[in-house]
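Close look at the chain arrangement
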Amino acid sequence: MPEYNWPEAEKRSRIGNRKTRLDGPVKVTGKAEYTYDVKLYGMLYAKMLTCPHAHAKIVSIDISQAEAMEGVKAIRMIQEPGAEIQWADDEIVAVAAETEDIARDALKAIKVEYEVLDHFVDDENKDAAPVVNPAQEEVTGDPDAAFANAAFVSEGFYGARVIAHACLESHGDVAVWDDDEHLTVFASTQAVSSLPGQFADGLGIPAANVRVICQHVGGGFGSKFSADRWGIECARLAKIAGRPVKLMLERDAEIHVAGGRPSSYAKIKTAADKDGNIVGWASESWGTGGPAGTGSPPVPYVWQIPNRRHQHSSIPTNIGPSRAWRAPNHPQACFLTMSALEDLAAKVGMDPLDFVLKNIALTGTRSQNYADELKIGADLIGWKHHWHPRGQAGDGPVKRGLGLALHTWGGRGHQSNCELVIHADSSVEIKLGSQDLGTGTRTVIALVVADTFGLTADDITVRIGDSRYPASGASGGSTTVGGVSSAARRASLVALEQLLGRIAPELEAKPEDLEVINSTIRVKGDHSKSLSWKEATALLGVSTITATGQHPGPGRLDDSGVAGIQMADVSVDTETGVVSINKMVAVQDCGLIIDLMTAESQVHGALIMGIAYSLAEERVMDPVTGTLLNGDMEFYKLPGIGDVGELVVHMMTGPGYDERGVIGLGEPPVVSPGAAISNAVANAIGVRVPYLPLTPDRVLEALGKGGAA
């Protein structure tokens, strides 16, 4: 049996280098086919009638006029009279027709009578909520004594609004039945292998009869794990009509009901002794993720403050339900925690970098990682040159400030299976039922196989995005890279062992005496005895070598737990309230890096997402009607290229990191931007803007209340 480990640094030919993504050319040329691009012969187009009320009971539904319309081929009542609707834009009736316009006209012909009920969507206003679900108070140490004896106490309110996933490819599917029992679904999904079972459960057919295909995904961010009601209804419409059906959510529904990141609000009190040591924490938090409320953010985040008290209340509201959004609950917890601690540092009169480093032992097992990363980040952003105490940003209306934050995440690889085949024509292919969300999964898999065989990534054919391939986990929790790379490595080592066993007699050597270097298999210490990869595989004749790989499995190829820091350099116009990003610095570890270019790109993308939720993103609800006011890409704001400033990424690699194995990276760097940017704004203008996003009106309001400009 081979030894299941990663090669030593000096023996890595591909791993750890920079490799452009294998799917880059098809994406930039427009050849990549997303679910939205799928067009099948005879395909119908489906639309859904949704409820206009945040809370209502269906009294009656009349679909007769729509059924009689020319071009309408199937209608499904999703919810029947008597059903209680808990949020606006919930689905009532689905229609499939020859064209989208006919489907829309059919929706207008459907008559639904509602009994409108009371609703509540103002999640910040906890005291007005009809239902509040308090959690048990959590207490560690003696916070009362800590505050009583503290030299410095800081109190503040902080709030992060509900935001949408804003996937540029909305949720949806194309469904086609091969017969009455066999279904193929082209899905925009993060879970190729698990979706067949979900469709099977919803439709009452065997999971083996469902095939899911997803070659490319236009964004998911945690919102596309489920078949969803609209997916099941798409399949049902296709069965009724006997033709393929495409059902993609409209943009307003996408923003309203296809997943949101829960809100978090908190009143926080912190304490420090005369030397600036953090000694106490007390917090009361609340928030919503829709009718089910939301769980508590993990505060204080990262910091193991010795004396602390926390209580969280879950507020059910009549808004669309929440879904996992990159690093669930971590961005909110980081914002609440790091904002409160930065305010405490200001109360003590310390530079927050010095304050954090002084207390870094409270971050636990990764404290040295944080300390190393903070020093690197400080050099990259010029912290000691540019930082100033609050209120000392100089003359003129534009003020400049710096802020920082720390974050963590798990990232251990998910369960994954793969099949690898070496063909006699020298080609290599690997199959697994994974998906590439745009993070470079194909490229990572190819690099792992290529490194094992001494080939290039372009020599490897990676087949993913089909549930008929060996099952692999859903892409969530930053678990994909660890799962697929570990499974691919194990399969590659098994296949290589078989190949070396086949060709060893040709080189008059034992298999263990052979090595693979730059597409050549040779005898160690006697390079005159060698075969090119093509010559070696040709010896297979008409046979192939097939190997499987699994994760988890033997050997240590992945790990869990990372540390990262970020720093923000911003400018704030105190006359307009506009916040501009000058520079963001991210220092991040993630164990062994397979593709350095992809890793850096992941962090760049996370910084851009973080800037978006820090400065612009929020779902604006009308408390009177309970409906969404910004359900389109004109008013649900996202930053443009000119809004993100300079982004600097430093990855922690080498001894101390590489030997840990592969750890997921997608989520951790999206945690800190909100806190770092908010702290930078406070440093710039001298007062705390308590909310995310940091919109101009909120900046001006904080300036007015703080009396500084």
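In this text, all values refer to a predicted model and were calculated from it rather than measured experimentally. (Residues numbered from 1 in each chain as written. Predicted model: local features only at pLDDT ≥ 70, side-chain atom pairs only at ≥ 80, totals over all residues. Heavy atoms only, no water.)

1. Remarks on the overall build of the chain
The cut-off we apply is this: Numbered from the N terminus, helices here are DSSP runs of H or I no shorter than four residues, and strands are runs of E no shorter than two. It is over C-alpha atoms that the radius of gyration is taken, and the globule rule equals 2.2 Å times the number of residues to the power 0.38. Burial classification: accessible surface area is computed with a 1.4 Å probe over protein chains only, and a residue below 20% of its type maximum counts as buried, one above 50% as exposed, and the rest as partly exposed. Contacts are residue-level and defined by heavy atoms, with any inter-residue pair within 4.5 Å sufficient. Accessible surface is estimated by sampling points in the Shrake-Rupley manner with a 1.4 Å probe; for residues, cover comes only from the protein chains shown. His is not counted, nor are the chain ends, whereas Lys and Arg count as positive and Asp and Glu as negative. Throughout, a charge is located at the NZ atom of Lys, the CZ atom of Arg, the CG atom of Asp or the CD atom of Glu.
If you tally the helices and strands in the chain, you get 17 helices and 30 strands. For the chain, the C-alpha radius of gyration of 28 Å lies close to 27 Å, the compact-globule estimate for 709 residues. Each of the three principal axes of the chain carries a C-alpha extent, and together these read 85 × 75 × 45 Å. Among the 709 residues that make up the chain, the fraction classed as buried is 58%. Long-range contacts, defined as pairs at least 24 residues apart, comprise 80% of the intrachain contacts of the chain with a sequence gap of at least 6. For the chain, the accessible surface area stands at approximately 27000 Å², while carbon and sulfur atoms represent 49% of it. Here the chain holds 63 positive side-chain charges and 89 negative ones, and the gap between their average locations is 3 Å.

2. Some thoughts on the pattern of salt bridges
Counted only if it meets this: Salt-bridge detection follows one rule: a side-chain nitrogen of Lys or Arg within 4 Å of a carboxyl oxygen of Asp or Glu.
Using the criterion set out here, one finds 38 salt bridges in the structure. Across the pair Arg236 and Glu233 runs a salt bridge, and its minimum N-O distance is 2.9 Å. Highlighted residues: Arg236 and Glu233, both in helix H6 (residues 228-241), separated by 3 residues, approximately one helical turn. Accessibility expressed as a relative area gives 3% for Glu233, which makes it buried. Here Glu618 makes a salt bridge to Arg698, at a shortest N to O gap of 3.1 Å. With Glu618 in the loop between helix H15 (596-615) and strand E29 (646-652) and Arg698 in helix H17 (residues 696-706), the pair connects residues that are 80 residues apart, well separated along the chain.

3. What about the packing of helix H8 (residues 330-348) against helix H16 (residues 673-685)?
Stated precisely, the cut-off is as follows: To define axes, lines are fitted to C-alpha atoms, for helices over the stretch in contact only, and angles between the resulting N-to-C directions are given on a 0 to 180 degree scale. Any angle that falls under 35 degrees is termed roughly parallel, while one over 145 is termed roughly antiparallel, one within 65 to 115 roughly perpendicular, and all others oblique. In this scheme the handedness of a crossing depends on how the near helix is turned from the far one: anticlockwise by less than a right angle means left-handed, clockwise means right-handed. The classification used treats Ala, Val, Leu, Ile, Met, Phe, Trp, Tyr, Cys and Pro as nonpolar, Asp, Glu, Lys and Arg as charged, and all other residues, Gly among them, as polar.
Relative orientation of the contacting elements H8 and H16 amounts to 30°, with a least axis distance of 8 Å. Relative to H16, H8 is oriented roughly parallel. When the axes of H8 and H16 are compared, the crossing they make is right-handed. Contact with H8, carried on its side by Cys334, Phe335, Met338, Ser339 and Glu342, involves Gly674, Ala675, Ser678 and Asn679 of H16 and no other residues of that element. Of the residues that constitute the contact of H8 with H16, the class distribution is 4 nonpolar, 4 polar and 1 charged.

4. Quick look at the domain arrangement of the chain
So the rule is basically this: Segmentation of the chain into domains, including their bounds, is taken from an automatic or database domain assignment. Here's the idea: put two parts together, see how much 1.4 Å probe accessible area each one loses, and the total over both is what we call buried area.
As assigned here, the chain comprises domain 1 (9-32 + 413-551), domain 2 (35-118 + 171-248) and domain 3 (325-409 + 559-702). A separation of 39 Å is found between the C-alpha centroids of domain 1 and domain 2. Each side of the interface is counted separately: domain 1 has 21 residues, and domain 2 has 16 residues. Summed over both partners, the interface of domain 1 with domain 2 buries about 1400 Å², with 46% contributed by carbon and sulfur atoms.

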